[in-house]
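# Per-entry structural report
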Amino acid sequence: MSPPYAAEKQVAIAAVRRACALTSSVFNKLVKNETLTKGDKSPVTVADYSAQAVVNTILGRAFPADPIVGEEDAADLRQGGAEALRNRIVELANEALTADLGIGDMAEWGLGPGQERTLEELLDAIDRGNDPGGRVGRRWTLDPIDGTKGFLRGGQYAVCLALIVDGDVKLGVTGCPNLAVNSADPDGPKGCIFAAVEGQGAEQMAMSGANPTPVIIPTVEPGTLNLLESVEAAHADLSFNQHVSELLGISRPPTRMDSQAKYCCLARGDGGVYLRMPTQAGYKEKIWDHASGSILVREAGGVITSSLGSPLDFGIGRTLGDNFGIVAAGKDVHAQVLAAVQTARAEESDRAEVA
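Read on for a plain summary of the structure. Just so it is clear, the model here is predicted, and its values are computed rather than measured.

What counts and what doesn't
- Residues numbered from 1 in each chain as written.
- Predicted model: local features only at pLDDT ≥ 70, side-chain atom pairs only at ≥ 80, totals over all residues.
- Heavy atoms only, no water.
- Core = buried A, V, L, I, M, F, W, Y, C linked by side-chain atoms within 4.5 Å.
- Buried < 20%, exposed > 50% of the residue type's maximum accessible area, 1.4 Å probe, protein only.
- Helix = DSSP H or I, 4+ residues; strand = E, 2+ residues; numbered from the N terminus.
- Contact = heavy atoms within 4.5 Å.
- Pairing = 2+ DSSP bridges.
- Axes fitted to C-alpha atoms, helices over the stretch in contact; angles between N-to-C directions.
- Phe/Tyr/Trp six-rings, centres within 6.5 Å; stacked < 30°, edge-to-face > 60°.
- 1 Å grid on protein atoms, 1.4 Å probe; cavity = no way out; pocket = protein on both sides within 12 Å on 5 of 7 lines; lining within 4 Å.
- Points joined across faces, edges and corners; volume = space filled by probe spheres on them.
- Nonpolar A, V, L, I, M, F, W, Y, C, P; charged D, E, K, R; others polar.
- Parallel < 35°, antiparallel > 145°, perpendicular 65-115°, else oblique.
- Left-handed = near helix turned anticlockwise from the far one by under 90°.

### Here's the deal with the nonpolar core
Counting 53 residues, the largest nonpolar core has Val26, Ile58, Trp140, Phe151, Leu161 and Val173 as its most contacted members. For this core, the elements supplying multiple residues, two or more each, are α1 (6–31), α2 (42–62), α3 (83–97), α4 (119–127), β2 (138–146), β3 (158–165), β4 (168–180) and β5 (190–197). Looking at which element gives the most residues to this core, the answer is α1, with 13 residues. Aside from chain neighbours lying at most four places away, what touches Val173 is Ala12, Ile13, Val16, Val159, Cys160, Leu161, Ile193, Phe194, Ala195 and Ser292.

Below you can see the structure in the form of structure tokens.
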């Protein structure tokens, strides 16, 4: 008898793998080989839509009753003037869907030679990502390119897919096309997929799906930790993170990268704490930015909470609500990190009142 969510895991890995191949192709064709003006995000637009079309097409064939919470819909693509963009999306999506079957792929999921989709079928697939989320039932959540600035600079980004059942994340698959397979060899082979299923542990595998290897967060002393944090100051309060580091006696410099690749690094022991505090009042984290990473951390032996110590709630809707910050670390140090976060918040609040 197969373990719970075995079929969902197989499908999710196949979908993420093809979306990773597509996004890498977009980077090589549109970013490296074409001149971009400053601030030009058109390659991200092409890759976002195309990858979502691929993943949603596969999910629609494998699990047609499951809704999807995604970041994009096809409304803009259906407007006049978007013909060139539509054509590019059809080309890229079909290139990914019709590639030869790989490890674990099944033709009945709409994969392999001869499985081209029409424009309308791909636009409808993109529109399947408009589910509002909620507390009851099964739903997938997808971020086809998490870390758009990292993608554009050839740095870290991730394709992130998770299955949520009755508000709880049960399965997460994260593809990191530019992440070193071995952190001890940063200039070596790149590209890996991370997968986790509730109660079944976490693993890293090759981009092909081969060689799955368990990943576990190692035991470390608080002073030997370092922080995994965002490259962009707009995405996290980096000065607050420095304050927390000082309270914990951390001397190692932080590791900064875009996307949920940070969760993947934490899960395999590259860095000890993922800390993300909001930079503006009222900001609500999107569920697709944390779902796959959260279960990966938990299944690798870590703990992930809000800055108040409460579990992340993926059953509210499309956001995490008023969770205010995210703290993820190994289970042996999470309580100490959380205490330092709360002390730093109290000290900053006191300073603000004095000012």
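Still to come is the rest of the account.
### Here we look at the sheet that holds strand β6 (residues 202–206)
In spatial order, the strands read β1-β2-β3-β4-β5-β6-β7; together these seven strands make up an open sheet with mixed pairing. Single-partner strands in this sheet number two, and they are β1 (68–70) and β7 (213–214). Two elements, β4 and β5, share seven bridges in a ladder whose sense is antiparallel. Bridging from a neighbouring strand, Ala180 pairs with Lys190 of β5. Relative to β4, α1 is tilted by about 30°, and along the sheet it contacts β2, β3, β4, β5 and β6. Contacting β1, β2 and β3, α2 runs over the sheet at an angle of about 155° to β2.

### Some remarks on unusual backbone geometry
Peptide bonds are mostly trans, and most non-glycine residues show a negative phi. Phi at Asp166 is positive, roughly 50°, even though this residue is not glycine. By the secondary structure assignment, Asp166 is in the loop between β3 and β4. For Asp166, a relative accessible area of 43% puts it in the partly exposed group. Even without glycine at this site, Ser259 takes up a positive phi of about 80°. Tracing the sequence through the fold places Ser259 in the loop between β9 (255–256) and α7 (261–267).

### Quick word on the packing of aromatic side chains
If you walk through the whole model with that rule in mind, you get four aromatic pairs. When the ring of Phe27 is compared with that of Phe151, the centres are 6.1 Å apart and the planes differ by 70°; the resulting orientation is edge-to-face. Of this pair, Phe27 sits in helix α1 while Phe151 sits in helix α5 (residues 148–153), and the two are 124 residues apart along the sequence. In terms of burial, Phe27 and Phe151 fall into one category: buried. A ring pair is formed by Phe151 and Tyr157, whose centres lie 5.0 Å apart and whose planes are at 85°; its orientation type is edge-to-face. Side by side, Phe151 and Tyr157 carry an identical accessibility label, which is buried.

### Describing helix α6 (residues 238–248)
Along α6, the residues classified as buried are Leu238, Phe240, Asn241, His243, Val244, Ser245 and Leu248. Once α6 finishes, Gly249 follows within two positions and takes phi at roughly 70°, a positive value.

### Side note on empty space enclosed by the protein
Counted under the stated rule, the structure contains one cavity of 30 Å³ or more. For the largest cavity, the full set of lining residues is Arg276, Met277, Pro278, Tyr283, Glu285, Asn323, Phe324 and Gly325. Its residues placed into classes, the lining of the largest cavity shows four nonpolar, two polar and two charged.

### Notes on the packing of α1 against α2
Direction vectors running N to C along α1 and α2 enclose 160°, while the axes themselves pass 9 Å from each other. If you check the angle between α1 and α2, you find them roughly antiparallel. The two elements α1 and α2 cross, and the hand of that crossing is right-handed. Residues Val11, Ala15, Arg18, Ala19, Leu22, Thr23, Val26, Leu30 and Val31 of α1 lie in contact with α2, whose contacting residues are Pro43, Val46, Ala47, Ser50, Ala51, Val54, Val55, Ile58, Leu59 and Ala62. Of the residues assigned to the contact of α1 with α2, the class counts are 16 nonpolar, two polar and one charged.

### Comments concerning the sheet that holds strand β8 (residues 227–229)
Spatial ordering of the open sheet is given by β9-β8-β10-β12-β11, a layout of five strands whose pairing is mixed. Only two strands of the sheet have a single partner each, and these edge strands are β9 and β11 (302–306). By the bridge criterion, four bridges tie strand β10 (residues 273–276) to strand β12 (residues 326–330) in an arrangement that is antiparallel. Its bridge partner lying in β12, Leu275 is registered against Val327.

### Brief notes about the pairing of β10
Note on strand geometry: in a regular strand, side chains alternate between the two faces of the sheet. Burial along β10 is two-sided: the residues Val273 and Leu275 and Tyr274 and Arg276 are all buried. In terms of strand pairing, β8 meets β10 through two bridges, oriented parallel. Bridged to Leu227 within β10 is Val273.

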